[in-house]
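Take a look at the letters that make up each chain.
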Amino acid sequence: MDAIPSRIKKCGKAIVDYPAQEVPTISSRDWITSLVPEPKRQAVDYFKSLFPIFRWVGNYNLGWAARDMIAGLTVGIILVPQSMSYAKIAGLPPQIGLYSSVVGVFTYCFFATSKDISIGPVAIMSLETAKVTSRIMKQHPDEWDVPTIATTLALVCGFIVLGLGLLRLGWILEFIPAPVISGFMTGSAITIVAGQVPGLLGISKRIDASGATYLVVIDTLKSLYYSTLDAAFGLVGLSFLYAIKRTLVLLTKRYPRYERIFFFISLLRNAFVMIVLTLASWLYNRSRIDQNGNYPISILGTIPRGFQHVGVFRLDLKLVSAIGTDWLVATIVLLLEHISIAKSFGRTNGYKIEPAQELVAMGIANTMGSFFGAYSVTGAFSRSALNSKSGARTPFAGLVTGLVVIVALYGLTPAFTWVPSAGKHCGLSALIIHAVADIIASPGASLSFWRASPFEFLIFSAAVVVTIFTTIETGIYTGIVASLLLLLLRIARPTGTFLGRAVVHDKNGSELREVFIPLANTTSLFQAHSIVKPDIHICPPFPGVLIYRPEESLVYPNASYITTVLIDRIKETTRRGLDFTSVSISNRPWNDPGPDRGCSMDLTTAYLQKPILRAVVLDLSAASHLDITSLHNLVDVRKEAELWANRAVEFHFANILSPWVRRALIAHGFGIANTMPTLPVVGAPTSLRHSSTADGCRDTDKPESATNVDPRKADASCARTINDAESLPVIGTDTPFFHFDLVSAVRCAEASADRRRITEPGKHLIR
């Protein structure tokens, strides 16, 4: 009975022209098994990963609690004024910022993988919220109020971010590089600063701050004459902030041992200036109210005490439709700012975040915020830095921060009434400018982009300029599209090189070994200045052998380009296998008729001195993938090379990284042959037979500490053991043209080329 399925299988292989002698390769079943090796365990691990708090909460102790309390109190003092300020940027009442802060820090700590991130309202997301609400209010006047639009936007973004996190799609963010993020944040910060200057000077009613940034700057300059008394509070507060900051920087340089103390004083300068300006505003305004109930300078006014909008949020689908595609930019802003900050602090403090789980935490925070009338929240760099510096040990520091905000909501709202709009920290105009200005990329950071990659510097500059002269959405889209185009260009035009041989050794002349580096006459545009000294002697490979190293995976965008590079190099450095001098012009191909009749004898002699192509060596150390298009092109290269050489040309492959690359090459006829090239095969020991401990080797049954073994004796002992051990080829003998490393591949190709040169002298065949 077993013979019938075997015959059917054999017949099926014959129909599809399956090779009779199959070389063992990786299978699709292996791939599926590698994806889900243990489904039950992976499912359990997935659900556990959704609640990272259970990994550390069992070890929570009083020491951690004390540090978390200090950090939470410190951040809370900063978050209260910041949240009201950022709410003003979003065009929302100040209490909405406080609501958002409480919900953000309370929910984030239960799902977070970062101990340092302080989640809440931020400047750039507030600006994006203001853009969306302003557009919808113009298109649908009197249909929805601004807080409802802002909360709906937060809910939509929260659902999307939560979905990406649950599906573990956080890797999508890796397609947005650092220059785009920096350019977008710089352009947005400049936009925020330009929009807050009119409020700082008391002329905001004369200027449309929702327009393009350059127009806002122009209108502000035209309206300077109409500045009001608000400018006195705003400019004085801004000057004090920068004076304190600069003074503390100088003191830190002079007294470095007090750096930590100066750091905390610097951060608390915002609260200090807010208190001073609020007190001054109260002293000046309390007896100067006019008949209409207005004060000489702008103040916040009455802020409702406690939570006023707690309840189930009713989602209006018409409003969701009105938001349109604005959710995309808002979501990108949430993701970019949060993940980049979380990764930065994770690297700084020695722990690893899980981007997908961070998306879950942020999605839940924004979704839950709809029950409290909150708007979009994400990670804030300044507060996260303060949280880290204050010694936060766990995400529970966010709970303390939330309690501080709740205390402010229920106990400090009467005092907030007198906060001057032009002088309050970080948002009520002057201090927003001071805080947001730090987001702008410094000249040193911009110069580092230029020195590292001029192309990416241009992308960074384009993101900044487009954001300033158009909108935030256009700026971020410009940066993302430009980055993707640059990525595609690098893939489509890889910088592969043809290699030659050099011998290196130490100063004593020992330890000789061969290395392969780019030949001097094949340097590409991207390698105009090689890291190898120009006086190093590079020997070309054996006549008739080419060594090529592509520096990208071979995929369909670059398949034709690499094919052209190889064929052009073959025709440039080798001659035809068929002597055209004995073939009449009428019998030559029209597209490549060979030398002209009137060519000089010197040119003909130089051409005949070129070798005939016998082997091509491809170093695939940088190629992790080969697709079908590139494989078809490799087959075309082999056919055209053999037509040019008028004989079979060997293709050798070194440093094959992936079993799927090996499988693909074998499927297209590469790597296999009836006879093995004449060269010893690179082998590796199948087992290590340890000698007695008296000879300096460690017994496998009795492991010995590395400190008790002389490294020199151990190295010598290992060398003797390997020489005595049974050896087998590293690469299977059924694929003789696949090699363990480039050295063995080149030696094999050169040995075969030399043997064929001797056995086929002057052989020219017409195919």
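All figures in this text were calculated on a predicted structure; none of them were measured in a lab. (Residues numbered from 1 in each chain as written. Predicted model: local features only at pLDDT ≥ 70, side-chain atom pairs only at ≥ 80, totals over all residues. Heavy atoms only, no water.)

Undergrad: If you had to explain the sheet that holds strand E7 (residues 650-654) to someone new, which residues and values would you point to?
TA: Strand pairing in a sheet relies on backbone hydrogen bonds. The paired strands run either parallel or antiparallel. Read across the open sheet, the 6 strands follow the order E4-E3-E5-E6-E7-E10; overall the sheet is mixed. Looking at the sheet topology across the chains shown, the edges are occupied by strand E4 (513-518) and strand E10 (738-739). (Pairing = 2+ DSSP bridges. Helix = DSSP H or I, 4+ residues; strand = E, 2+ residues; numbered from the N terminus.)

Undergrad: Give me the lowdown on a nonpolar patch on the surface, citing residues and values where you can.
TA: A surface patch of nonpolar side chains, about 490 Å² in accessible area, is lined by Trp 31, Ile 32, Leu 35, Val 36 and Trp 660. A per-element tally of the nonpolar patch places helix H2 (residues 28-35) first, with 3 residues. Its location among the elements puts Leu 35 in helix H2. Relative accessible area serves as the criterion here: at 48%, Leu 35 is assigned to the partly exposed category. (Patch = residues over 30% accessible without salt bridge, like charges linked within 9 Å, V, L, I, M, F, W, Y side chains within 5 Å. Areas by Shrake-Rupley, 256 points an atom, 1.4 Å probe, with all protein chains shown as cover. Salt bridge = Lys/Arg side-chain N within 4 Å of Asp/Glu carboxyl O. Buried < 20%, exposed > 50% of the residue type's maximum accessible area, 1.4 Å probe, protein only.)

Undergrad: With reference to specific residues and values, describe the environment of Ser 384.
TA: Position of Ser 384 relative to the elements: it lies in helix H16 (residues 381-389). Along the backbone, Ser 384 and Ser 118 are 266 residues apart, and their C-alpha atoms lie at a distance of 4.9 Å. Excluding residues within four positions of it along the chain, Ser 384 makes contact with Asp 116, Ile 117, Ser 118, Ile 341 and Phe 345. From its side chain, Ser 384 meets the backbone nitrogen of Ser 118 in a polar contact 3.0 Å long. Separated by 2.6 Å, the side chain of Ser 384 and the backbone oxygen of Ala 380 make a polar contact. (Contact = heavy atoms within 4.5 Å. Polar contact = N/O pair within 3.5 Å; in protein donor to acceptor, adjacent residues only side chain to side chain.)

Undergrad: Give me the lowdown on the pairing of strand E5 (residues 545-549), citing residues and values where you can.
TA: Consecutive residues of a regular strand have side chains that alternate between opposite faces of the sheet. For E5, the buried fraction is high: 4 of the 5 residues fall into the buried class. For strand E3 (residues 497-504) and E5, the ladder comprises 2 bridges, and the chain directions are antiparallel. Bridge pairing in E5 links Thr 497 to Arg 549. Note that E5 and strand E6 (residues 615-619) share 4 bridges and pair parallel. By the bridge assignment, Leu 546 is partnered in E6 with Val 616.

Undergrad: Outline empty space enclosed by the protein, listing residues and values.
TA: Under the defined criterion, the tally for this structure stands at 3 cavities of 30 Å³ or more. For the second largest cavity, the lining is made up of 13 residues, of which Ile 117, Ser 118, Asn 387, Ala 397 and Gly 398 are closest to its centre. Listed by contribution, the elements that provide at least two residues to the lining of the second largest cavity are helix H6 (94-111), strand E1 (118-120) and helix H17 (397-411). Ranked by residue count, the leading element in the lining of the second largest cavity is H17, at 3 residues. The residue makeup of the lining of the second largest cavity, split by class, is 7 nonpolar, 5 polar and 1 charged. (1 Å grid on protein atoms, 1.4 Å probe; cavity = no way out; pocket = protein on both sides within 12 Å on 5 of 7 lines; lining within 4 Å. Points joined across faces, edges and corners; volume = space filled by probe spheres on them. Nonpolar A, V, L, I, M, F, W, Y, C, P; charged D, E, K, R; others polar.)

Undergrad: Tell me about the pairing of E3, and name the residues and values.
TA: Among the 8 residues of E3, 6 are classified as buried, and the element is accordingly described as predominantly covered. Pairing between E3 and E4: 6 bridges, direction antiparallel. For Arg 501, the partnering residue across the bridge sits in E4 and is Phe 516.

Undergrad: Describe in detail the packing of helix H5 (residues 62-89) against H16, supporting the description with residues and values.
TA: What describes two packed helices is the angle between their axes and the distance between those same axes. Direction vectors running N to C along H5 and H16 enclose 170 degrees, while the axes themselves pass 9 Å from each other. Between H5 and H16, the angle is such that the two are roughly antiparallel. Listed contacts from H16 to Ala 71, Thr 74, Val 75, Ile 78, Leu 79, Gln 82 and Tyr 86 of H5 are Ser 382, Arg 383, Leu 386 and Asn 387. Looking at the contact of H5 with H16, its residues break down into 6 nonpolar, 4 polar and 1 charged. (Axes fitted to C-alpha atoms, helices over the stretch in contact; angles between N-to-C directions. Parallel < 35°, antiparallel > 145°, perpendicular 65-115°, else oblique.)

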